[in-house]
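# Inside the fold
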Amino acid sequence: MRNVFLSESCKETQLHALNPQSWLQVERGKMSKSSSYSPSSIGSLIKVAEPPVLPLFKPVDYVEVLAQIHEELEQCAPYDRSNLYLLQFQVFRGLGEVKLLQRSLLSAWQNASSIYEKLVYGAWLRFEKQGEELISDLLASCGKCCQEFRLLDIVSEIPVGTFELIETCDCSMAQVSTTVFFQIREEKIACDRQKIASLSVPFHTMLNGSFTESHLEVIDLSENGISPMGMRVVSGFSCTGNLDDLSLDILLEILVFANKFCCEKLKDTCDRKLASLVSTRQDAIDLMECAMEENAPVLAASCLQVFLHELPECLKDDQVVKIFSDANKQQRSIMVGHASFSLYCLLSEVAISIDPKSNTTVLFSEKLVESANNTRQRQVAFHQLGCIRLLRKEYNEAEHNFNAAFSAGHIYSVAGLARIACIKGDKLSAYERLSSVMSSYQPLGWMYQERSLYTEGDRKCEDLDKATEFDPTLIYPYMYRAALLMRKQDPKLALAEINRVLGFKLALECLELRFCLYLTLEDYRAALCDVQAILTLSPEYRMLEGRVAASQLCILVREHVEQWTTADCWLQLYDRWSSVDDIGSLSVIYQMLESDAAKGVLYFRQSLLLLRLNCPEAAMRSLQLARQHAATEHERLVYEGWILYDTGHCEEGLRKAEESISIQRSFEAFFLKAYALADSSLDPSCSDTVVSLLEDALKCPSDRLRKGQALNNLGSVYVDCGKLDLAADCYISALKIRHTRAHQGLARVHFLKNDRNAAYEEMTKLIEKARSNASAYEKRSEYCDRELTKEDLQIVTQLDPLRVYPYRYRAAVLMDSHKEKEAIAELARAIAFKADLHLLHLRAAFHEHIGDVPSALRDCRAALSLDPNHQEMLELHRRVNSQEP
């Protein structure tokens, strides 16, 4: 949804509108004299698109909402739990917390109170984990199954109801024959009168009551939609209570007949028989309408499972879309029970991912609104529909939806209302709307960012500066400031501004802008580096408002850069890896992958870099490509082991490493086994095993990049075992082959030997060498006095505002100085944009300390939403809860 939700109001051209070929047809390093654009004129055209209004649930105080959800989960009935976890998912999605939202979905699935919820949340988990089918296959090869991915046996999952037997004994009817004939056209089917009467109240009344039929031996049923064969089956069922294997047509005929005459047991049996026959999408399409018309819930659930299992592909089928979009309230109840809201949440999200402007997306979002049962659900549904209407330029409808969401309490929807006001020519009203919200609520970064769109000059810059102050993770302010500086012909400051955000958040839009900045400076090598990083993260990425494939621009820029040989590439990779230049390293690997080099090894290195850059999805894609391009079986097993380890399946990852070692002793197999064992075992005695494994790894052939990592890890194990001299030897050996991060380990050794000055100097060396050094400043802060510590941690916050330790340290210092309000405010500053357990834990403790029990309890509950099993948090929660009046 990154580019699709661009707003229309006052929209600037994103980046620039030049045809890249017109100004890339130049000699190496120089602009062509025939070009009609100078670097400064190109720079003047660099603009930035407005941030989109996102179709996400973004409460003003997410901590309060998470706390409320946690409290309700403690008290609610079991059937309400999955809906609460769905709301928790919506909060985490609005915060961009991918791991937490997936855990909430898993909790919703685990707490499903009906087969319908199991189907919906199981399908949603599969959708969120698209591309991870390989993991399921690898787990299966280890004898383990992903339960949420399997198809359910719908018939056995829905319990058989209890059906009241109709009392048929009636002595006054003794003179009537015990056999009744049902005539259907030319045939007469003999049936046991009392057995048929026992099927339902209507039949009992017909055959034993005061109706004329009760005295007849032959009753005409020709006009009741049942065939002679069907009636014979009904007669057999009345005697045996079972249905044999029958054709689909006969089963459908009997289902309609049973429903018409209220034969509940016959209907249920038929319903289950039909459900067992659904195996393909076309089966489900053909039978779902009948299931909804005849109120056949087992059949409907079976059809629903087929549709959901084929997401997202089945939403490209108009017949499937029609079934979901045409279903009324009663039909939805039959199809999905009480899980209508969760179903349309899923369907609308999938539709948005396919095409947010499509009619299908609108239809599903409208059904989501219809299915909303409470205020929070209405906030989610109306806001989402408003965003889609805004994207489709249906401004009046969008305004109505945003108003409904805002009235229900979703304050973020004011962003949509302001955009529409601006589109309609009332920029002042847009500005005033935001100002009114900011005066009524605690201001947040997005509020200042939104208000900046409706003013100019210094006031705009002031609002954007405030936006960054309140939420430094918002990328639009950095991009706008960088573009503004470039237009003022100050390229160094422009690059410095965009580098601020790229230092902690590898956003594609920011890489794209920096690519354009480098082009205006004619620094084609740097521009190439950025476009190759973009392609590593997103191979299909399109630039310049989506008009040009990034791969095309990469080809064009490469023509103006001297090409490296394979040897040059290895030297460049070694230099950049050593200087902790992760983006530069990605660029070199991208170029190497275009050659005939061993691709498995390179994709694996790429995955390591992407993990360091906090890009787990791209890292997993690279790992899967490494497996695909593995040159040998033992190499493939290593990559499979890392795939399993990185997805939380440590034991299975270890098994793959051992299998690889049994085929071929290799550095990577020993390294994987040592890494996984060290991370998973709580037994102190396993340290000796890890040391042995790393020593075995170092005896195997590998390059210095990986051996440096192994030496660094070996040093860490020795430190944990108290063998400081051996640890120092490992770190020094690693530094000799330019494993720069070993400075940090060596600093730790110095510190443990009570030499803080040496530790400080060692970390200073790392800071000087590393391109990315926020973590180095943070670590150095542990080895100096309080004033220098505060200085280092302030630098950390400037370089990477997402690192939480500096906020905690500053808050603790303030608390020690009895400045309780300032301490709590320091934590609140970070909590506003970073959902972090440790920040909430510390703030809860501070609140408890000053006697603010309600605030402490709120933070405890919100923190437990992030990690329900955190023991210290659970203890604090119990203690605070006992103090509540």
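Before reading on, note that the structure itself is shown above.
These notes cover the structure that comes with them. (Residues numbered from 1 in each chain as written. Predicted model: local features only at pLDDT ≥ 70, side-chain atom pairs only at ≥ 80, totals over all residues. Heavy atoms only, no water.)

## Concerning the overall build of the chain
Scanning the chain from terminus to terminus reveals 49 helices and 5 strands. Over its C-alpha atoms, taken along the principal directions, the chain stretches across nearly 110 × 70 × 70 Å. For the chain, the residues scored as buried account for 55% of the 885 residues in total. Here the contacts in the chain between residues at least 6 apart in sequence split such that 60% fall between residues at least 24 apart. If you sum the accessible surface of the chain, you get close to 38,600 Å²; carbon and sulfur atoms cover 49% of it. Computed over 98 positive and 122 negative side-chain charges, the inter-centroid distance for the chain is 5 Å. (Helix = DSSP H or I, 4+ residues; strand = E, 2+ residues; numbered from the N terminus. Buried < 20%, exposed > 50% of the residue type's maximum accessible area, 1.4 Å probe, protein only. Contact = heavy atoms within 4.5 Å. Areas by Shrake-Rupley, 256 points an atom, 1.4 Å probe, with all protein chains shown as cover. Lys, Arg positive; Asp, Glu negative; His and termini not counted. Charge placed at Lys NZ, Arg CZ, Asp CG, Glu CD.)

## Topic: the nonpolar core
Counting 150 residues, the largest nonpolar core has Ile-498, Phe-515 and Met-543 as the members making the most contacts within it. The element that contributes the greatest number of residues to this core is helix α29 (residues 524-537), accounting for 10 residues. Not counting the four nearest positions on each side in its chain, Met-543 is found in contact with Glu-512, Phe-515, Val-531, Ile-534, Val-548, Ala-550 and Leu-553. Residues Ala-284, Ala-823, Ala-844 and Phe-846 belong to the second largest nonpolar core, which totals 138 residues. (Core = buried A, V, L, I, M, F, W, Y, C linked by side-chain atoms within 4.5 Å.)

## Considering unusual backbone geometry
At the junction of Leu-311 and Pro-312, the peptide bond is cis and its omega measures out at 0° in the coordinates. Position of Pro-312 relative to the elements: it lies in the loop between α15 (297-309) and α16 (318-326). Although it is not a glycine, Glu-545 adopts a positive phi angle of roughly 60°. Mapped onto the secondary structure, Glu-545 falls in the loop between β4 (542-543) and β5 (548-549).

## Structural notes on the environment of Phe-324
By the secondary structure assignment, Phe-324 is in helix α16. Distance in space between the C-alpha atoms of Phe-324 and Leu-363 is 8.8 Å, their sequence separation being 39 residues. Those residues within four positions of Phe-324 in sequence are excluded, and the remaining contacts are Leu-304, Phe-307, Met-335, Leu-343, Tyr-344, Leu-347, Phe-364 and Lys-367.

## What to know about the pairing of strand β1 (residues 179-184)
Residue alternation in β1 divides its side chains into a buried set, Val-180, Phe-182 and Ile-184, and an unburied set, Thr-179, Phe-181 and Gln-183. For β1 and strand β2 (residues 187-192), the ladder comprises 6 bridges, and the chain directions are antiparallel. When the sheet's bridge partners are listed, Thr-179 is paired in β2 with Asp-192. Between β1 and β2, which follow one another and run antiparallel, lie 2 residues, and Arg-185 among them has a positive phi close to 55°. (Pairing = 2+ DSSP bridges.)

## Section: the packing of helix α19 (residues 359-371) against helix α20 (residues 375-391)
At a minimum axis distance of 8 Å, the contact between α19 and α20 shows a crossing angle of 160°. As the angle between them shows, α19 and α20 are arranged roughly antiparallel. In this structure, α19 meets α20 at a crossing whose hand is left-handed. Counting all contacts with α19, which are made through Thr-361, Val-362, Ser-365, Glu-366, Leu-368, Val-369 and Ser-371, the residues of α20 involved are Gln-377, Ala-381, Phe-382, Gln-384, Leu-385, Ile-388 and Arg-389. (Axes fitted to C-alpha atoms, helices over the stretch in contact; angles between N-to-C directions. Parallel < 35°, antiparallel > 145°, perpendicular 65-115°, else oblique. Left-handed = near helix turned anticlockwise from the far one by under 90°.)

## Thoughts on the packing of aromatic side chains
This structure, assessed with the given rule, holds 24 aromatic pairs. Seen from their ring centres, Tyr-478 and Phe-504 are 6.5 Å apart, and the 70° between their planes marks the pair as edge-to-face. With Tyr-478 in helix α26 (residues 476-487) and Phe-504 in the loop between α27 (491-502) and α28 (508-520), this pair connects stretches of sequence that are 26 residues apart. Of the residues examined, Phe-504 reaches a relative accessible area of 14% and is grouped as buried. When the centroid spacing of 5.2 Å and the interplanar angle of 45° are considered together, the rings of Phe-751 and Tyr-783 count as tilted. Pair noted here: Phe-751 is in helix α41 (residues 742-752) and Tyr-783 is in the loop between α43 (774-780) and α44 (786-799), with a separation of 32 residues, a long-range link. Overall, the relative accessible area of 4% leaves Tyr-783 in the buried class. Each member of the aromatic cluster is reached from another via a ring pair, and the members are Phe-604, Tyr-639, Trp-642, Tyr-645, Phe-667, Phe-671 and Tyr-675. Positioned above the aromatic ring of Phe-671 is the side chain of Arg-706, whose terminal nitrogen or guanidinium carbon lies 4.7 Å from the ring centre. The lysine or arginine in question, Arg-810, covers the ring of Tyr-807, its NZ or CZ lying 5.2 Å from the ring centre. (Phe/Tyr/Trp six-rings, centres within 6.5 Å; stacked < 30°, edge-to-face > 60°. Lys NZ or Arg CZ within 6 Å of the ring centre and 35° of its normal.)

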